[in-house]
Amino acid sequence: MDSPFPAYLGSCYSPSDAEIPLIKAFIQQKVEAIGSIDKGIKELEDSLAALKAQREANEIIIQKHRALITPIKRLPPDILSTVFLACLPHVELKEASLTRNHPAVVISHVCHQWRQLAFDTPLLWSRIQLILPWVNPESYTPQPDVNDKKVGAHFDSAIQRLYDIVTVWLARSKGCPLSISMEASEGAAGVYTLPKMGILINLMLKSLERLVDLLRGESQRWEQVRFKFAIDSSNPESESQLSRLLLLTPRDVPVLRKATIVIDTLWNTSQGPILEPTNHWDWITIIHGQGLQSLTLACPRAVTNLKVSQVKWAGLTELSLWPYERGPEGGGIHFTTDEALTLLRLCPNLKLCNLAFGTGTPSWDLPWSSPLSSPQPLVARVPDSGSVCRLPHLRSLIIREQSSSCLCRTDRLASALDLPSLHSFSHTGPTNDFDSPNDTPEEERVPCKYPLVKWVQRFGRTITSINLKYTGVPQSIVERCLEELPNLISLTVRSPGTFLESRNLARRSMAVSLADGDSLLKRLTPEVMESGGTATTSPCCLCPKLEELISLLEPEETIQLVFSEESVLKFLEGRAKASLETVPEISRVSKLRYVSVRFANPKVMDLEQELSRKGFNLEGFVGDWSYPAPSTPRAYLLHQIPTTVDHVAGRF
């Protein structure tokens, strides 16, 4: 420090009159020095800012020039248009809605070249999804001719916007086959109708007519349709607009290949469901075409009892049939195994089949439940020769049992089928056990009580993928089923208490499910025994060809099949050891590719790191681990009110 008074700094010294001017001069000197330093700093900052600006400008230029040589710019138009098509979501997904966020719209706004190519790719615009609005009945308080007209005008405006958008998409799709997905209701309040909404409903039906006419005008190009409708046929003063889309003839839809039809009855909040007269549906001919290959139905009894004899069953390769669950509370299902067998005899070319079974017994005692108490057969019966029904091409079968009635025991159906190509099987059992007579032999009683046993006994040798949701099945029965599946590659387990001895046990703590999960893994874990330089595996290990194990979560259930980290680690380690080439091929198991499980407790170890530490090769293996989330306060606000249509259609 060059101060002339270094000895006095920081002390109580008081300078003299002669020293004060010297001190002031020194201070001024340092102030000028700071000013000079600040000037230099500013010059450096300006230089740094200029350098940063130059760098940013060069970065932008580099990015623009790199963009010139990106591989996608060198793709020929035919390849690029194929990439565009790969961006399209499935027509049933929310992302497929005709909004500005639709991939086709986004692609067409990238640049002029892409926009022109998008317009020259009509398939990009050939999938049309329409979800029509409806009124919230809780907040609707009509006033004479005021709210009805106001809300009706809003609905008309929304329909007009959809009309304009669909017109554009139809024009851009040119002559391509169309996939149409539409969700709509003829009740102003979704699946509900209120007496106070009568005028509003009539106004909405008039608006809906324009959109229906537009779609019908392009029916010659319909290749796939998916309709989720709530239709009101009880009002003689108004014509059902949505039913006009279902009453098209095969000549109107000559290229239709796939049809999904979900129809819900409207519910009057004061009277219950509005039952459609059976003859109203006798003219539904949209599914009668010669070219129809895939058919999905989830309809009221009156609808599924249409002129099914005119459906070209022999041409179907995919069939999903869900007899209607009447009302938000369920019930009203009627589809028996005898009816299923009658139907399957008409479909020799099926490759995929999805069937649900029920007895048609209403789940409550109300005046309007009586019309379905004695339902007619779903399909006209054909002469039964008593021979086994052979479906040589069926590769995937989904069975869902909604009732424990003897009329719906699918073990009898399994005995009557011959499925030489069956590889994928999914089974959902009823909530109640089947009853069998006390004098029935044990070997016959088990398949009767648990139809899954009969299915795997009949077709276990060919099944490579199985998906189970079956409440109340003892673990011994599940293990017995797995013993019948020597070629199983993929095992998916769903349901709380899947292996519980009774339904009452499903109400116990998570520890019950944890014990079941670990016990299952123990039977799937091979024990490797080494002796004299050779290794062998225990013969009691189930499913030696298993490559995938999936434990799916059921959001609506509080008890899940869960596992401990220790049992999963032993399972992975045992399978990895038994899949090594040092194990003789005759006792070697397949290498795991994918395992997805839910753990009961918070994470303690990294399973894959632990396996790597022990020297196992994890190449090609994917583990999907789900741990319990931290507890959060329970939410009591309902953000979305589910509708009956969603309840019925969500299964497809």
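Focus on the overall build of the protein chain
Logical step 1: Summing up its helical and strand segments, the protein chain has 17 helices and 22 strands in all.
Logical step 2: Within the protein chain, buried positions represent 45% of all 652 residues.
Logical step 3: In the protein chain, of all internal contacts separated by at least 6 residues, the share reaching a separation of at least 24 is 79%.

A closer look at a nonpolar patch on the surface
Logical step 1: Among the surface-exposed residues, Ile72, Leu75, Ile79 and Val83 lie close enough to one another that they form a single nonpolar patch of about 270 Å² accessible area.
Logical step 2: By the element assignment, Ile79 lies in helix H2 (residues 77-86).

With respect to helix H9 (residues 337-344)
Logical step 1: Counting buried positions along H9 yields 7 of 8 residues, so the element is predominantly enclosed.
Logical step 2: Turning to H9, its buried residues are Thr337, Glu339, Ala340, Leu341, Thr342, Leu343 and Leu344.

A few points about the packing of aromatic side chains
Logical step 1: Under the definition given, this model contains 9 aromatic pairs.
Logical step 2: Ring geometry for Phe119 versus Trp125: centroids 6.2 Å apart, planes at 45 degrees, classification tilted.
Logical step 3: Of the residues examined, Phe119 reaches a relative accessible area of 21% and is grouped as partly exposed.
Logical step 4: Exposure remark for Trp125: the relative accessible area of 0% places this residue in the buried category.
Logical step 5: Every member of this aromatic cluster is reached through a ring pair, and the members are Phe119, Trp125 and Trp169.
Logical step 6: Just above the ring of Trp125 sits the side chain of Arg172; from NZ or CZ to the centre is 4.6 Å.

Re the packing of H2 against helix H4 (residues 112-119)
Logical step 1: Two numbers describe how H2 lies on H4: the axes approach to 10 Å, and their chain directions differ by 80 degrees. What the angle tells us is that H2 and H4 run roughly perpendicular. For the pair H2 and H4, the contacting residues are Pro77, Leu80, Ser81 and Phe84 in the first and Trp114, Leu117 and Ala118 in the second.
Logical step 2: Looking at the contact of H2 with H4, its residues break down into 6 nonpolar, 1 polar and no charged.

A closer look at the nonpolar core
Logical step 1: Of all hydrophobic cores here, the largest spans 117 residues; its most connected members are Leu130, Met182, Trp222, Phe227 and Leu295.
Logical step 2: If one sorts the elements of this core by residue count, helix H6 (residues 198-216) sits on top with 7 residues.

Section: unusual backbone geometry
Logical step 1: One non-glycine residue, Lys174, adopts positive backbone phi at about 55 degrees.
Logical step 2: Relative to the helices and strands, Lys174 resides in the loop between helix H5 (147-172) and strand E2 (178-185).
Logical step 3: Taking relative accessible area as the criterion, Lys174 reaches 46% and is therefore assigned partly exposed.
Logical step 4: A positive phi is found at Cys543, a non-glycine position, where the angle reads about 55 degrees.
Logical step 5: As for its placement among the helices and strands, Cys543 is situated in the loop between strand E19 (534-537) and strand E20 (548-551).

Reading the values: the criteria
Residues numbered from 1 in each chain as written. Predicted model: local features only at pLDDT ≥ 70, side-chain atom pairs only at ≥ 80, totals over all residues. Heavy atoms only, no water. Helix = DSSP H or I, 4+ residues; strand = E, 2+ residues; numbered from the N terminus. Buried < 20%, exposed > 50% of the residue type's maximum accessible area, 1.4 Å probe, protein only. Contact = heavy atoms within 4.5 Å. Patch = residues over 30% accessible without salt bridge, like charges linked within 9 Å, V, L, I, M, F, W, Y side chains within 5 Å. Areas by Shrake-Rupley, 256 points an atom, 1.4 Å probe, with all protein chains shown as cover. Salt bridge = Lys/Arg side-chain N within 4 Å of Asp/Glu carboxyl O. Phe/Tyr/Trp six-rings, centres within 6.5 Å; stacked < 30°, edge-to-face > 60°. Lys NZ or Arg CZ within 6 Å of the ring centre and 35° of its normal. Axes fitted to C-alpha atoms, helices over the stretch in contact; angles between N-to-C directions. Parallel < 35°, antiparallel > 145°, perpendicular 65-115°, else oblique. Nonpolar A, V, L, I, M, F, W, Y, C, P; charged D, E, K, R; others polar. Core = buried A, V, L, I, M, F, W, Y, C linked by side-chain atoms within 4.5 Å.

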